[in-house]
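Residue-level structural notes
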Amino acid sequence: MPRPEQKTISLTIDGREVAAIENSMLVDAAKAGDVEIPYFCYEPKLGEPVGACRMCLVEIEGIPKLQTSCSTPVKDGMVVHTQTDRVKGAQNAIVEFLLINHPLDCPVCDKGGECPLQDITFGWGLGRSRMLEPKRHFVKPLALSPLVAIDRERCILCYRCVRFSQEISEDYQLIFTERGAHTFVGTHDGHPYSAPFSGNIIELCPVGALTSQPYRFRARPWDIEGAGGICTLCPSQCNVTFTVRDEKVLRVLSRDSLGNPAVDDGWLCDKGRFGYQAIHVDERITRPLVRDGGELRPVSWERALETAAGLAKHTGRTAALAGGQATNEEAFLIQRLLREGLASHDLDCRFSESVSLELARALAAPALQATVPDLEFAHTVLLIGAEPLDDAPILDLRIRKGVRRQGVQLAIASARPSALDPNAAISVRYPPGGEAAFLADLENALAGESDSAPDANVAALARQLTEGGEDIVIVWSERLASAALPTLLRIAERLKLAERDGAGLLELPSGSNGRGLREAGFLPNAGPGYGDPVQAGRGTAEIAAAAKAGDVTALYLLQVDPQRELPDRAAWDAAMHHASLIVAHASVLTEGLKEHATVVFPAESYAEKDGTVVHPDGRLQRLRTAIAHPGEIRAGWQVIAEISRRAGLDQGVLTGPMAFRQLCDAVPFYADLTLEQIAGHGLRWPETDAASKLPAGAGAEAVSGSDLERLASPPAVFDSSQQGLRLGTYRSIWAAPEVELSPALHFTIAEQLVELAPADAERLGIDNGAEITVAQNGTRLSARAAVRSGVPNGTAFMADGIASDSANALTERVVEVSPQ
Amino acid sequence: MSPQSVPRFDHGSRVPGWDDAVDLTKPPATVPDPALTPVSDELRAGIEAAMAKYPDRHSAAIPALHLAQQEHGYCSPEAITEVAAVMRLTPAYLTSVATFYDMFEMERKPKNDVYVCTNISCSLRGGDEFYAAMLAAADGGTDVNVRSFECLGACDIAPMASVNGEFVGPLTTEDAGQIVADLAAGRPVLEHKQLRYRRCADPGVESAAGEEPQ
Amino acid sequence: MKILFDRIDEPGLNTLPVYEARGGYKALRQALTMEPADVVDQISKSGLRGRGGAGFPAGRKSSFLPKGDMSKYLVCNADESEPGTFKDRELMQKSPHMLIEGIVIACWGAGISHAFIYIRGEYQLQADILEAAIAEAVQAGYIGEDILGSGFSLSLVLHRGAGAYICGEETGLLDSLEGKRGNPRLKPPFPAVEGLYAGPTLINNVETLATMPHIITMGGEEYAKLGVENSAGTKLVSVSGDVQRPGNYEIELGTSSRELIFDLAGGTFPGREVLLWFPGGSSSPVLTKDDLDLPYDFDAMAKAGTMLGSGAIIVVDDSHHPLEVALKLAKFYSHESCGKCVPCREGTNWTYKMLQRIETGEATPMDLDIMASVQEQIIGNCLCVLGDAMAMPVGSIVEKFRAELEAEIEAARARHDAGSLEHVIPVGVADEHAGPIPVH
Ligand SMILES: Cc1cc2nc3c(=O)[nH]c(=O)nc-3n(C[C@H](O)[C@H](O)[C@H](O)COP(=O)(O)O)c2cc1C
Ligand code: SF4
Ligand code: FES
């Protein structure tokens, strides 16, 4: 869809010429012209103005009544007065009205010092109160949710929080109840307001009515500093500001009120907003550990580094894995260590099946990459196997925005029902693991053989894609079977996604920096920048096998615990058991490491790192050190460089920026980048000239052959007479160690919920919420049943990536579900 | 004078839940899953019929709440959850709507509604006195829900009240007891004072005889 | 001259046969033979002004709707919640088909294919009668597909409200009809451009629409001859309060108020005098006995600093104190304020509390000045005019009856010997602590 055009006009405010964008709201135009008009309810992020607080009244020549500048689009030649007695009178009155029922408890209010109501009362208020009546007083503060406290005395009913719940996250749980002066913010029948984005209302509240339970009374505005950073708890990589007091992160806010439109639009999910607590927990490792007498014990850096340097003895037999929170630099240095120093080529950061280099290059082609804003202005957004809410939460909000405000047509193809289904024009369900077959059907349908489409939805989807407008964005998940990718690529070619700016593919990697790690060359079959590798090596699955077989004897684990995060838990248990040296960088001891690691280096948190990461749409963003390293923690790049030196490879990096420089020299399409450029809002490399240096992938047809061989035969149609259920897995937004470690988020910790169709639940005699057992050749997991209408019959969906009873213990496609 | 003793929620408005915290043991109230929310056939049919009348199903919210209130006696959390399940909305959406309107009751209430108008025209003619009398008359009785209401649009029979929707007036304080009695006996309430039989006051409408109540 | 009330008590008039027998739906047949533009033109010529309160010329409003075949809507405003107003009630109860016929005509004129009647939930009898009448009209083919073979189609849905004065305000009504809380909307966009379901919407009062058939029958010019300049036609006036024969009266606009209140409505009770009166519902600034000879029409009322409003006269005699009236007003409007915008929500509430303090002897004459300035700051600064609807009459009472109010302040203080005001000085804040949050 064409982006809105912007025409500049000029108007007069308080006698001064002001240039502004036509039809932008007067209050914004004034701000741009250095005239401040006070307001409460206006918040462009929330969409259309509501004009409720009346604080922004101004005089406009030619209009008898005062007008709300928050809702008045500017026109050329408009003449506006914001300083007349009439306006001042109204402003005084509004402040006076607001204070009638607002307790003046600023000295004990958590918002004090950063409170719009305080500032506006000071700036535009009467300065004295004419009100004698006692103010209303209520019990306060009260819990609105485990994360948010509400103080109803202070609420000025500005609509911000409820509009967020109703029009942005669309969970519609937070409401106004009652009417008039009795109106108050609440929920249905005392249910808590817990939803994945609920924390945003804290930032939206212009008074101290909604406060953060974890942050309340931890600091005063004059105690704290703000430090810009990137949240790397998921691939959305939202731009944040860390509230820092005494080298501790006490709060995470969106970077600035309007946020980074290219990334997060100024919103955060609750994992990102409250997960910072994991930075300062006791479980955090702050000293190097070495296994000694079967136990991991704190040791000196010297000893830890020496132990790690033992990698030298495993030349040719070392393998490495990198997890999502690692920076490009860290990954880059480790792949150098392995390839150049240890003559080992087994390294991977893709934990599902590997993808051929040709295909990977083709899928990464700059012209084919969609951007985040494209989601908002596309004609059609198609999700394939991706659940934004879990995979990259903030994109869920962006997609809702596009559908709600721009009329984007949303289509969803997935095995599991999606949180976005109610917003979708078309939802197609395929059996778990059936994406390759589905895409094949879709391709046929697109090729005009739509009658051959087994499913009317597929035909409808094909029609939407061919007739619904050219700007199509396909959002797909790294978890798609790689056998499906060649078809995906052919579909992209057929739809000419590469030829249009507003169209393209957007992959949601499983790891926060999944894209960056690959571009840094952390792949078995690709060097930095998708160059040909010195020598091809083993991928994740093969590494596990090789380790078990003794062909791989040392493992280097960069912020990943295979037992916790990778498929086939058993295989990894065996692999780590057999490996004689395991070097890990980790911030906490997860099970696998506790049991098997030889040496563990304390990893930096995202608030401590200095380095770069890559957003799924190719935007390089910079992590900056916001707080000092706790305990003895050292920078990751520094530790890796030191290990390399002791293992015989001098990488010649003495500072973080030097590592970045090396990376840019090694990755051709980063050639144009400098840290200065990517500071602030980051920079998309696909938009730089150097983008052309990405080795071209072979056309879809060429790559197809090789991969199509491995096309997993689509699962047979399910016969419900059979006892078992087809297994599908999902990774919840809450399935992350940071969530388990953050006290505030404990209530969200994902237990194993098995989603069942009502019919199956009935057949198996299982009630919603009942304790059940899931079994598969020998392995038994205990779980709780969640009966859901949307779940297709004969299917069970289970969570992986969770601490206990994770689905990654299961390897087969069918499970037995029974009451406990 | 302590803040608590300040009259804040008088004049007929329901006492709101300002002071209520949420119950953290409850799950968030999302759109109820139809598979887990039983709804009576009449209610479901009624709501679906209502939704069919409008270009946008949301318009059926008020009709649906009327139906649910009839069936459940008041807009109980369950009633609202059932409507939400049929209308595919969150219960909160409907709670927000229900609490805005005076005719939806959020607390369990007696069966019969007596809305006494205490707005200007009625109070000029003794509406407040009648309200007091009505409260007294209904006191002890369990099935009469007496509420003071704003202008009900029948100032020509001031002071007046709406008894289960039937407008009666002009009322005297004696009528209060009669209303309770009629309700108890299940007969038409104050039939000779029912608005439905009242002739137009305008002498100019040379009207044929309107039927009289017997 | 009776137009709307002509033989209004005729038995069975609420049924189709009787209504047809006296020529009902002839106007519709006639209108359907005319060009839509001519229908609107007749309405404009008739000089009919909205009967709901704002008095906006009906023809002009209808002409604001964009032409072309997008979905357009008509909403008949039958919320009638303005205190003192009960004219629409009698009309709908006794002659529902007159309203329905008017609606169909108005829709034909403006090219509208979906119509709604938003009736206040308390009007159960009237709603039942309308529902039956609509069913009859559908049966007879006056509503539905291809009406009377004209090719024109219209759906008409009766929507019952649930008790909220604000839903009479046209945009609050629209939100309510869309199934939301009845909060008024920002204007612009105006309903004629973006109203119900974001489509162009024509909103008219019951009486306004019920007049349409008669305009078609009489012809615009003829109708315009009734009444006086700028106030054409007849008007249903609800007279209530301290009068001997309260009720609805149909008069030609321009009739003297005294005639209306005394000759028709029987005037005050023996030995009583008019203290003050509302000419146009409780929202209109009050008049006194000196104003009784004003002609009852839009301009005369405007000139007297008040308004004709919904055409509802409330008479208050000298057995009552102005404070009583002000209190009722403030109580009503603070109860009915939707709460969306600050000046209305807080202003009405504060005004009510200030008036209560006079009653409890806790006020000083200074409070009257504060009250007056508060009213000034409400007027014109709210999202809709509900706030003004309290501020104007209360302001006028404070202004016109200042002496009485000051006397009452003193009297009440004497009664409660509330010498000191200590106990109404704002109390300290409840202290807050960082302790655990109390939950259920
Ligand atoms: C607070 C408020 C309440 C209103 N109540 C009513 C009402 O009950 N009935 C009505 O017809 N108009 C009412 N109005 C006027 C409507 O907003 C609108 O002007 C009218 O229905 C338009 O119809 P008309 O042009 O035929 O008068 C009210 C306006 C306000 C501000
Ligand atoms: S809680 Fe805050 S954001 Fe919500 S309405 Fe009140 S003041 Fe506005
Ligand atoms: S900011 Fe304009 S009305 Fe609130």
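In what follows, the structure referred to is the one given above.
Summary of the structure given here. These numbers come from a predicted model, not from an experiment.

What follows covers the overall build of chain B. Broken down by element type, chain B carries 7 helices and 4 strands. Taken from N to C terminus, the helices and strands of chain B fall in the order α-α-α-α-β-α-α-β-β-β-α. Considering chain B as a whole, with its 214 residues, one finds that 57% of them fall into the buried category. Excluding contacts between residues fewer than 6 apart, the proportion of contacts in chain B whose partners are at least 24 apart in sequence is 60%. As presented, chain B carries roughly 8700 Å² of accessible surface, and 53% of it is formed by carbon and sulfur atoms.

The next subject is the pattern of salt bridges. For the structure on display, the rule yields 93 salt bridges over all chains. Here Glu133 of chain A ties to Arg357 of chain C by a salt bridge, and the two come within 2.6 Å at their closest N and O atoms. Taken together, the residues Glu133 of chain A in the loop between α3 (116-124) and β6 (142-143) and Arg357 of chain C in helix α14 (residues 342-359) connect one chain to another. In terms of burial, Glu133 of chain A and Arg357 of chain C fall into one category: buried. A salt bridge links Glu330 of chain A to Lys609 of chain A; its shortest N-O distance comes to 3.3 Å. Of this pair, Glu330 of chain A sits in helix α8 (residues 328-341) while Lys609 of chain A sits in the loop between β25 (599-602) and β26 (611-614), and the two are 279 residues apart along the sequence. Here the two residues Glu330 of chain A and Lys609 of chain A agree in accessibility, since each one is buried. Residues joined in a network through salt bridges with shared partners are Asp105, Lys140, Asp151, Glu153 and Arg154 of chain A.

Before going further, it helps to examine the interface of chain A and chain B. On the side of chain B, 38 residues touch chain A, which itself brings 35 residues to the contact. Between chain A and chain B we count 2 salt bridges in total. Arg179 of chain A is paired through a salt bridge with Asp102 of chain B; the nearest N and O atoms lie 3.2 Å apart. Counting the contacts that link chain A with chain B gives 15 residue pairs in polar contact (both at pLDDT 80 or more). Elements represented by at least two residues in the side of chain A that touches chain B include exactly β6 and β8 (175-177) of chain A. Considering every element that reaches the side of chain A that touches chain B, the biggest residue donor is β8 of chain A, with 3 residues. Residues belonging to the side of chain A that touches chain B are distributed by class as follows: 15 nonpolar, 13 polar and 7 charged.

What follows deals with the packing of aromatic side chains. Two aromatic rings are characterised by how far apart their centres lie and by the angle between their planes. With the rule as written, the count across this model stands at 26 aromatic pairs over all chains. Look at Tyr25 of chain C and Tyr142 of chain C: their rings are 3.8 Å apart centre to centre, the planes differ by 5°, and that puts the pair in the stacked class. Residue Tyr25 of chain C is located in the loop between α1 (16-21) and α2 (26-33), and its partner Tyr142 of chain C is located in the loop between α7 (124-139) and β3 (155-160); the two are separated by 117 residues in the primary sequence. This pair shows no difference in class: Tyr25 of chain C is buried, exactly as Tyr142 of chain C is. Seen from their ring centres, Tyr73 of chain C and Tyr197 of chain C are 5.4 Å apart, and the 70° between their planes marks the pair as edge-to-face. Note that Tyr73 of chain C is positioned in strand β1 (residues 73-78) and Tyr197 of chain C in the loop between α8 (170-177) and β4 (201-205), a separation of 124 residues in sequence. Aromatic rings pair up to connect Tyr54 of chain B together with Tyr73, Phe116 and Tyr197 of chain C into one cluster.

Once that is clear, we can look at unusual backbone geometry. A cis amide bond, omega -10°, links Lys140 of chain A with the succeeding residue Pro141 of chain A. Tracing the sequence through the fold places Pro141 of chain A in the loop between α3 and β6. Cis rather than trans, the peptide bond between Lys187 of chain C and Pro188 of chain C has omega equal to -5°. If you trace the backbone, Pro188 of chain C turns up in the loop between α8 and β4. You will see that Gln559 of chain A, though not glycine, has its phi angle at about 50°, which is positive. Within the secondary structure layout, Gln559 of chain A lies in the loop between β23 (554-558) and α18 (562-565). According to the relative accessible area criterion, Gln559 of chain A is buried, its value standing at 15%. Its identity as a non-glycine residue notwithstanding, Leu148 of chain C has a phi of 50°, on the positive side. Within the secondary structure layout, Leu148 of chain C lies in the loop between α7 and β3. Residue class for Leu148 of chain C comes out partly exposed when judged on its relative accessible area of 31%.

As a further point, take the packing of helix α5 (residues 87-94) of chain C against α7 of chain C. All names here are of chain C. Running from amino to carboxyl end, α5 crosses α7 at an angle of 40°, the nearest separation of the two axes being 8 Å. By the angle between their directions, the pair α5 and α7 is classed as oblique. Note on packing geometry: the crossing formed by α5 with α7 is left-handed. From α5, Arg89, Met92 and Gln93 reach across to α7, where they touch Leu125, Gln126, Ile129 and Leu130.

On to the site of ligand 2. Residues in contact with ligand 2 amount to 13 residues; listed here are only the nearest, Cys155, Ile156, Cys158, Cys161 and Cys205 of chain A. The class makeup of the residues in the shell around ligand 2 is 12 nonpolar, no polar and 1 charged.

With that settled, consider the sheet that holds strand β31 (residues 771-776) of chain A. Residue and element names in this part refer to chain A. Ordered in space as β29-β33-β30-β32-β31-β34, the 6 strands form a closed barrel in which the pairing is mixed. Recorded for the sheet is a direction-independent mean angle of 45° between the axes of neighbouring strands. By the bridge criterion, 2 bridges tie strand β29 (residues 725-730) to strand β34 (residues 814-819) in an arrangement that is antiparallel. For Arg726, the partnering residue across the bridge sits in β34 and is Val814.

What counts and what doesn't
Residues numbered from 1 in each chain as written. Chains lettered and ligands numbered in written order. Predicted model: local features only at pLDDT ≥ 70, side-chain atom pairs only at ≥ 80, totals over all residues. Heavy atoms only, no water. Helix = DSSP H or I, 4+ residues; strand = E, 2+ residues; numbered from the N terminus. Buried < 20%, exposed > 50% of the residue type's maximum accessible area, 1.4 Å probe, protein only. Contact = heavy atoms within 4.5 Å. Areas by Shrake-Rupley, 256 points an atom, 1.4 Å probe, with all protein chains shown as cover. Salt bridge = Lys/Arg side-chain N within 4 Å of Asp/Glu carboxyl O. Polar contact = N/O pair within 3.5 Å; in protein donor to acceptor, adjacent residues only side chain to side chain. Nonpolar A, V, L, I, M, F, W, Y, C, P; charged D, E, K, R; others polar. Phe/Tyr/Trp six-rings, centres within 6.5 Å; stacked < 30°, edge-to-face > 60°. Axes fitted to C-alpha atoms, helices over the stretch in contact; angles between N-to-C directions. Parallel < 35°, antiparallel > 145°, perpendicular 65-115°, else oblique. Left-handed = near helix turned anticlockwise from the far one by under 90°. Near = heavy atom within 4 Å. Pairing = 2+ DSSP bridges.

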